[in-house]
Amino acid sequence: MRAIISGVGHYVPDKILSNSDLEKMVDTDDEWITSRTGIKERRILDKEKGTSYMATKAAQVVLEETRTSPEELDLILLATVTPDMPVPSAVSFVQRDLGASNSWGFDINGGCTGFMCALTTGTQFIESGRHQKVLVIGADKMSAITNYEDRTTCVLFGDAAGAVLLESSGKDDLGIQDFIMHLDGAGAESLTIAGGGSIYPASHETVDKKMHYIYQDGKTVFKHAVVGMADVSAKIVERNNLGDNDIRFFIPHQANYRIIDAAAKKIGLDPERVVININKYGNTTAATIPLAMSETYRSNKLQKGDWVVLAAFGAGFTWGSVLLRWALD
Ligand code: ACO
């Protein structure tokens, strides 16, 4: 039995933060941001709303389009590094607001690889026969943990949510076919939000030291991301005996245009097969892949039976790839 993606949707806030807006906030310029990252603008959620708001919106699109009632859901998995609050899980609010009264669920923190952690977890519940309908969401309000006085990070991140519905299919040749996932805690301290956890609980000192904001050693993350994402993408194609021309779309995590380019070159894909929307949204962490998938689907470019490779790298370090065959008409 295979898990297929039977619906996909996304939500992005209306408010746009452009490179020229950022030029007025920190010492940066459009040329630097565009040439180093590929980002032109990102979306910002209203201050008083949380990640679960966007996650619920994306989920509602999926439920409406697949004509699924919320009560039919067995499980909701929400990948995020920006839950509404430390306790309870953000998925508690999503489950409540959707009215998914028969569903259980939990949050997954896999950094930028979070959506793929959730997708592969959801796949196991479908393949085991335990559940029939699993909603998998990737959502992050990165603006809540971004220091808009730090030019090395504030140009990178944005807010968004994406969601897919997983269902079982009798057909072996459609749906999630393979995955490769890694965790290497040796990179744990290269990408952190140190404050507000059990080592440094929130205090005046942690706030004064800005420890509640995201910190990354950009160069180290960049180096590992290029190698990690390229390796797992090439490996999953090879071990499934596929050639470059068999892959219809490569949908990578959108952290930096240059990381995506290096990974795509390693698997020999021409640019037309590489999905890139980082210019419009920046790095939305757990949301990038379902958001890019939803936009590709909505532009009528994906056809049933198309081979698709997903790949991501992020905090942990976590990284991985997923190979799937598109199941929607
Ligand atoms: N505008 C202008 N100059 C800047 C800016 C900016 N916004 N930011 C940094 N600079 C300067 C630096 O201060 C530095 O100046 P110096 O040489 O005088 O010291 C110079 O530009 C070069 O900085 P680098 O850090 O070397 O720039 P680099 O080319 O490495 O790009 C970037 C930085 C974009 C952050 C890159 O390292 C990157 O993309 N890293 C990976 C990000 C990533 O993949 N994150 C993982 C996912 S996040 C998650 O899991 C939640």
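Procedures and definitions
Residues numbered from 1 in each chain as written. Predicted model: local features only at pLDDT ≥ 70, side-chain atom pairs only at ≥ 80, totals over all residues. Heavy atoms only, no water. Helix = DSSP H or I, 4+ residues; strand = E, 2+ residues; numbered from the N terminus. Polar contact = N/O pair within 3.5 Å; in protein donor to acceptor, adjacent residues only side chain to side chain. Phe/Tyr/Trp six-rings, centres within 6.5 Å; stacked < 30°, edge-to-face > 60°. Buried < 20%, exposed > 50% of the residue type's maximum accessible area, 1.4 Å probe, protein only. Lys NZ or Arg CZ within 6 Å of the ring centre and 35° of its normal. Pairing = 2+ DSSP bridges. Axes fitted to C-alpha atoms, helices over the stretch in contact; angles between N-to-C directions. Contact = heavy atoms within 4.5 Å. Parallel < 35°, antiparallel > 145°, perpendicular 65-115°, else oblique. Left-handed = near helix turned anticlockwise from the far one by under 90°. Nonpolar A, V, L, I, M, F, W, Y, C, P; charged D, E, K, R; others polar. Near = heavy atom within 4 Å. Domains from an automatic or database assignment.

1. Re the environment of R96
Inspection of the secondary structure assignment puts R96 in helix α4 (residues 90-98). It is 30 Å that separates the C-alpha atoms of R96 and V322, two residues lying 226 residues apart in sequence. Only 2.9 Å separates the side chain of R96 from the side chain of D97, close enough to count as a polar contact.

2. Some details on the packing of aromatic side chains
All told, the structure shown has 6 aromatic pairs when counted by the stated rule. The interplanar angle of 40° and the centroid separation of 5.5 Å between the aromatic rings of W104 and F106 together place this pair among those described as tilted. In this structure F106 comes out as partly exposed when scored by relative accessible area, which is 27%. When the ring of F313 is compared with that of W319, the centres are 5.8 Å apart and the planes differ by 35°; the resulting orientation is tilted. We classify W319 as buried; its relative accessible area is 17%. Ring pairing ties together the aromatic residues W104, F106 and F125, which thus form one cluster. Against the face of Y53 rests K49, its NZ or CZ located 4.6 Å from the ring centre. Residue placement shows R248 over the ring face of F249; its charged tip is 4.3 Å from the ring centre.

3. Observations regarding the sheet that holds strand β7 (residues 159-169)
If you trace the 5 strands from one edge of the open sheet to the other, you get β1-β7-β6-β4-β5, paired in mixed fashion. Edge positions in the sheet fall to β1 (2-11) and β5 (104-108), since each of these pairs with one other strand and no more. With strand direction ignored, the average angle separating the axes of adjacent strands in the sheet is 20°. Bridging between strand β4 (residues 75-79) and β5 involves 5 bridges; their strand directions are parallel. Its bridge partner lying in β5, L77 is registered against F106. Sheet contacts for α4: β4, β5 and β6 (133-141); angle to β4, the most-contacted strand, approximately 135°. In this fold helix α11 (residues 288-298) packs onto β1, β6 and β7, with an angle of close to 90° to the strand it touches most, β1.

4. Some words on the packing of helix α3 (residues 51-65) against α4
Relative to each other, α3 and α4 sit at 45°, their axes nearing to 9 Å. Comparing their axes, α4 and α3 come out oblique. Crossing of α3 against α4: the hand is right-handed. Contacts between α3 and α4 involve S52, A55, T56, A59, Q60 and L63 on the former and, on the latter, A90, F93, V94, D97 and L98. Looking at the contact of α3 with α4 residue by residue, the class counts come to 7 nonpolar, 3 polar and 1 charged.

5. What to know about the site of the ligand
Lining the immediate surroundings of the ligand are 25 residues, of which T28, R36, C112, K219 and N256 lie closest. Take W32: an N or O atom from its side chain is 3.2 Å from an oxygen atom of the ligand. A distance of 3.4 Å separates an oxygen atom of the ligand from a polar backbone atom of C112. For the shell around the ligand, the elements supplying multiple residues, two or more each, are α2 (30-37), α6 (151-154), α8 (218-239) and α9 (257-266). Ranked by residue count, the leading element in the shell around the ligand is α8, at 4 residues. Among the residues forming the shell around the ligand, the class breakdown is 11 nonpolar, 9 polar and 5 charged. Looking at the shell around the ligand, you find at least three residues from each of domain 1 (2-169) and domain 2 (175-325).

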